[in-house]
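Notes for the structure review
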Amino acid sequence: MKSLIKENPDPALFPSWFVRALIFSRAIAALILVMLFFSMFCIDSIIPIIESKCAQMGTSGVCRAIAIFRIFYHSYIPLILLFITLICCRLINLLFTKQNKFWIYVSAVAILSYLVFDLLLFKLPAYYIFIYVIIGMLVLKLNAVNLRAINATSGLSYYLILIFFILLPFIAELVFPSFTLSLLRNSKMKISDYFRGGLWDKIVFYITLGISVNILIFAFTFYGMGRHIARESVSEALCRKAEKIANGNFYSMQIDAATDRLFACDIEHYSLKVFDLSGLDPGPKKIKKMPAELQDVRLNEAKRELYYFDRTRDIMLVYDADSLRLKRRSSFPFEGGYSARVSFDNRSHTIAVAREKDYMWIIDMETLLPVERLGAGDSNEFIIFNEKSNRYILSYFKSFDFIRLVSPDGKDIREIRARRYQGGLAASNKNNELYVALPLRGEISVYDLKTFALKRKIPTVFGVRGIACDEENNIIVAASMCTGYVDVIDLGTDRRISRDFVGYYLREICLNLQKEEAFISSIFGVYRLSLELKNRYKYDDKKRREAAIN
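Please read these numbers as outputs of a predicted model, since none were measured by experiment.

Read from one edge to the other, the open sheet built from four strands follows the order β2-β3-β4-β5, with strand pairing classed as antiparallel. The open sheet is flanked by β2 (250-256) and β5 (286-289), the only strands paired with a single partner. If you compare each strand with its neighbour and ignore which way they point, the axes differ by 20° on average. Two strands pair when backbone bridges link them, and strand β4 (residues 271-276) and β5 are joined in this way by four bridges, in the antiparallel orientation. The residue of β5 that forms the bridge with Lys273 is Ile287.

Moving on, we come to the pairing of strand β9 (residues 326-329). Strand direction decides the pairing type here: strand β8 (residues 315-320) and β9, joined by three bridges, are antiparallel. Note that in β9 the partner of Leu317 across the bridge is Arg329. Between β8 and β9, which pair antiparallel in sequence order, lie five residues; one of them, Leu324, sits at a positive phi of approximately 65°.

Turning next to the nonpolar core. Core analysis: the biggest nonpolar cluster contains 44 residues, and Tyr435, Ile467 and Ile520 have the highest contact counts within it. With residues near it in sequence (within four places) discarded, Ile467 still touches Gly424, Leu425, Ala426, Tyr435, Val436, Ala437, Ile444, Ile476, Val477, Ala478 and Ile509. Core analysis: the second largest hydrophobic core is formed by 16 residues, Phe263, Met290, Val297 and Ile315 among them.

Moving on: a nonpolar patch on the surface. A cluster of nonpolar residues, Trp17, Tyr159 and Ile163, forms a patch on the protein surface that exposes about 290 Å² of accessible area. Looking at the secondary structure, you find Ile163 in helix α8 (residues 156-167). With a relative accessible area of 38%, Ile163 lands in the partly exposed category.

Turning next to the environment of Glu243. Mapped onto the fold, Glu243 is located in strand β1 (residues 243-247). By relative accessible area, which is 41% here, Glu243 ends up partly exposed. On a C-alpha basis, the gap between Glu243 and Arg528 in space is 5.2 Å, while along the polypeptide they are 285 residues apart.

Conventions used here
- Residues numbered from 1 in each chain as written.
- Predicted model: local features only at pLDDT ≥ 70, side-chain atom pairs only at ≥ 80, totals over all residues.
- Heavy atoms only, no water.
- Pairing = 2+ DSSP bridges.
- Helix = DSSP H or I, 4+ residues; strand = E, 2+ residues; numbered from the N terminus.
- Axes fitted to C-alpha atoms, helices over the stretch in contact; angles between N-to-C directions.
- Core = buried A, V, L, I, M, F, W, Y, C linked by side-chain atoms within 4.5 Å.
- Buried < 20%, exposed > 50% of the residue type's maximum accessible area, 1.4 Å probe, protein only.
- Contact = heavy atoms within 4.5 Å.
- Patch = residues over 30% accessible without salt bridge, like charges linked within 9 Å, V, L, I, M, F, W, Y side chains within 5 Å.
- Areas by Shrake-Rupley, 256 points an atom, 1.4 Å probe, with all protein chains shown as cover.
- Salt bridge = Lys/Arg side-chain N within 4 Å of Asp/Glu carboxyl O.

On their own, these measurements won't tell you what the molecule is for.
Here it is, written out as structure tokens:
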């Protein structure tokens, strides 16, 4: 390694045609990278189109990978860049002080890479540390090769080596970045003066190596994750497709137990669709057109009312739950940015509207006038009201490392520490527990409803977002927005009862307790999944697999 850095320039090391071809290939590669970089800024606008096309073509793996990458990019790219920078700076310092102990850096990269993926993203086995060490040593050994030996090679081998670096610039730079640096040292360009044994040469060389090692580690991690998902997708015991009862882009849903109906928000067609669950006809019985995009509707069974927030006009609308006629609307604009989540409390006669940006509003249920405005909105994910704790509870996807508790009058606000990137919320008064989904951890955090102390963590499917609790059967149903799987988990033992494939980009879950079935909304429609709780194999996935095979 040391001799590689301090090698003397040799203009005859590479032929002129190769230098020109290599520069051209690197320019093309750089152009592609720039285009990919700028496409990241519009990924939110193009991702639904790509997902829809992938689903139509049946390329489920591509659709699934896109969903995972979307969450990964929005959540961890800044952290990874910081991680790479810190490691590379440490590497440079280590090389200047202890050049004979280079393995210390390799071990540090391996351990820190494992911690990043284990603590923040995926749950990986400990032996991945040794795999990362091997990757690090491989990159270092490849770049310790004496490049002058290439010039000494004659015949076909010589030209194959040169063509490899011209035609595969991404791969060449990934596993052999010292090649281009050596070319710069031995070229006649003015920039070559910076790469002839100076400090700048060392900085560029070792930062390049550090980035190469980390990219390979990331690639290997995603490859392992993809294999894990693929194994589950082909398992007959874990893959029972649900029935799609409607096509469309659906979001929140509510079940009216009194009339045995399902209300579902079709945001694509600005409509509230009502399904008759007594016979579960193929299509909805009633469709109520709304004035704007319909995301979140809440059913108040006691008052027989539906609450809908029109975010285009920033007003609250109240509909009759039976006739779907408009009963009253607010005259006050409840300003805020982007989407809005709705919840309510009959005891305090209030409705809460949590805007995704800027504000949370407490509204009088009858007059629809504001009671309190709180600066509690920034990437708000879900909101529920819990009677036992007498609090509105809010989760946040990426802005805060806490869940927020707000009293019905908006005067008392508490922040309970929780991991960032939260998903759905559910509560069980019977178990005295609050459940918070953590998509990137693949787990559900369980809090005590009185003290709000963290009690335990329940492992579940990666990408879990929508959750729903069934107190009668003491289960929780968790849906992944990435993998398309739905877990049914026994809350008595925290063990998975079943895992079934439903569909891609799952959003929210609504449980029909009388028929032991779950309705799940997604970007592609509404699915019905029979939970089969009476005939299930409890606690033992091995028996379920054996039964499916036999």
